[in-house]
Amino acid sequence: PRFKCNALGDVEWQSAQQELHVARLLLEAQQWAASVFHAQQAVEHVIKAAMLRTCGVTGDEFRGGEGHSLTSLLQRTGLTSPVATEELQRLSTAYLATRYAPFPPPAAPSVP
């Protein structure tokens, strides 16, 4: 089932504002990876706030594996983003790179 709640949407909106503030501070401090992480989180919270007010969210979209793909979440809202889809995909890719090391590591031995 999809869950709608304007009050929780307000909480998500406030979380987005906080994440954006942190992202900007980290950007000014030239902490690139951390800034990207928080920028992605800000966008994710904005989209989830919109979902909570419009189409609703499932548990997996809100907290699970489906909850981090910005383009997938945005598509579910039916809304149009002021940011190009390619830029959202680029941010999602960069976000994942801040969380997970490349696998296999570049220096890992290969199996013949």
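Residues numbered from 1 in each chain as written. Predicted model: local features only at pLDDT ≥ 70, side-chain atom pairs only at ≥ 80, totals over all residues. Heavy atoms only, no water.

**Considerations on the overall build of the protein chain**
Line of reasoning, step 1. Looking only at helices and strands, the protein chain has five helices and zero strands in total.
Line of reasoning, step 2. Written out in order from the N terminus, the α and β elements of the protein chain read α-α-α-α-α.
Line of reasoning, step 3. Each principal axis of the C-alpha atoms in the protein chain carries an extent, and together these give about 55 × 35 × 25 Å.
Line of reasoning, step 4. Expressed as a percentage of its 112 residues, the buried residues of the protein chain come to 29%.
Line of reasoning, step 5. Long-range pairs, those at least 24 residues apart, make up 63% of the contacts in the protein chain with a sequence separation of at least 6.
Line of reasoning, step 6. Approximately 7300 Å² of the protein chain is accessible, and the part contributed by carbon and sulfur atoms is 60%.
Line of reasoning, step 7. In the protein chain, the 9 positive side-chain charges and the 10 negative ones have mean positions that sit 3 Å from each other. (Helix = DSSP H or I, 4+ residues; strand = E, 2+ residues; numbered from the N terminus. Buried < 20%, exposed > 50% of the residue type's maximum accessible area, 1.4 Å probe, protein only. Contact = heavy atoms within 4.5 Å. Areas by Shrake-Rupley, 256 points an atom, 1.4 Å probe, with all protein chains shown as cover. Lys, Arg positive; Asp, Glu negative; His and termini not counted. Charge placed at Lys NZ, Arg CZ, Asp CG, Glu CD.)

**Here we look at the confidence of the model for the protein chain**
Detailed reading of the predicted model is not advised wherever pLDDT is low.
Line of reasoning, step 1. This prediction gives the protein chain a mean pLDDT of 90; 93% of its residues lie at or above 70.
Line of reasoning, step 2. The weakest mean pLDDT in the protein chain belongs to helix α3 (residues 59–63) at 88; the strongest belongs to helix α1 (residues 6–28) at 97. (pLDDT = per-residue confidence, 0-100.)

**Concerning the packing of aromatic side chains**
Line of reasoning, step 1. With the rule as written, the count across this model stands at one aromatic pair.
Line of reasoning, step 2. Judged by centre distance (5.4 Å) and plane angle (25 degrees), the ring pair of Phe 37 and Tyr 95 falls under stacked. You can see Phe 37 sitting in helix α2 (residues 32–53) and its partner Tyr 95 sitting in helix α5 (residues 85–99), a full 58 residues away along the chain.
Line of reasoning, step 3. On the accessibility criterion, Phe 37 (26% relative accessible area) is partly exposed.
Line of reasoning, step 4. The positively charged end of Lys 48 is found above the aromatic ring belonging to Phe 62, 5.6 Å away from the centroid. (Phe/Tyr/Trp six-rings, centres within 6.5 Å; stacked < 30°, edge-to-face > 60°. Lys NZ or Arg CZ within 6 Å of the ring centre and 35° of its normal.)

**Considering the packing of α1 against α2**
Line of reasoning, step 1. It is at 7 Å that the axes of α1 and α2 come closest, and there the two elements cross at 165 degrees. Classified by the angle between their axes, α1 and α2 sit roughly antiparallel to one another. Here the hand of the crossing between α1 and α2 comes out left-handed.
Line of reasoning, step 2. In the contact of α1 with α2, the residues fall into 15 nonpolar, seven polar and five charged. (Axes fitted to C-alpha atoms, helices over the stretch in contact; angles between N-to-C directions. Parallel < 35°, antiparallel > 145°, perpendicular 65-115°, else oblique. Left-handed = near helix turned anticlockwise from the far one by under 90°. Nonpolar A, V, L, I, M, F, W, Y, C, P; charged D, E, K, R; others polar.)

**A few points about the side chain of Gln 41**
Line of reasoning, step 1. By the element assignment, Gln 41 lies in helix α2.
Line of reasoning, step 2. Filtering out sequence-adjacent residues up to four positions away, Gln 41 remains in contact with Glu 19, His 68 and Tyr 95.

**Thoughts on the packing of helix α4 (residues 70–77) against α5**
Line of reasoning, step 1. Relative orientation of the contacting elements α4 and α5 amounts to 135 degrees, with a least axis distance of 8 Å. What the angle tells us is that α4 and α5 run oblique. Along the contact surface, α4 presents Leu 70, Thr 71 and Leu 74, while α5 presents Thr 85, Leu 88, Gln 89, Leu 91 and Ser 92.
Line of reasoning, step 2. Per-class residue counts for the contact of α4 with α5 are four nonpolar, four polar and no charged.

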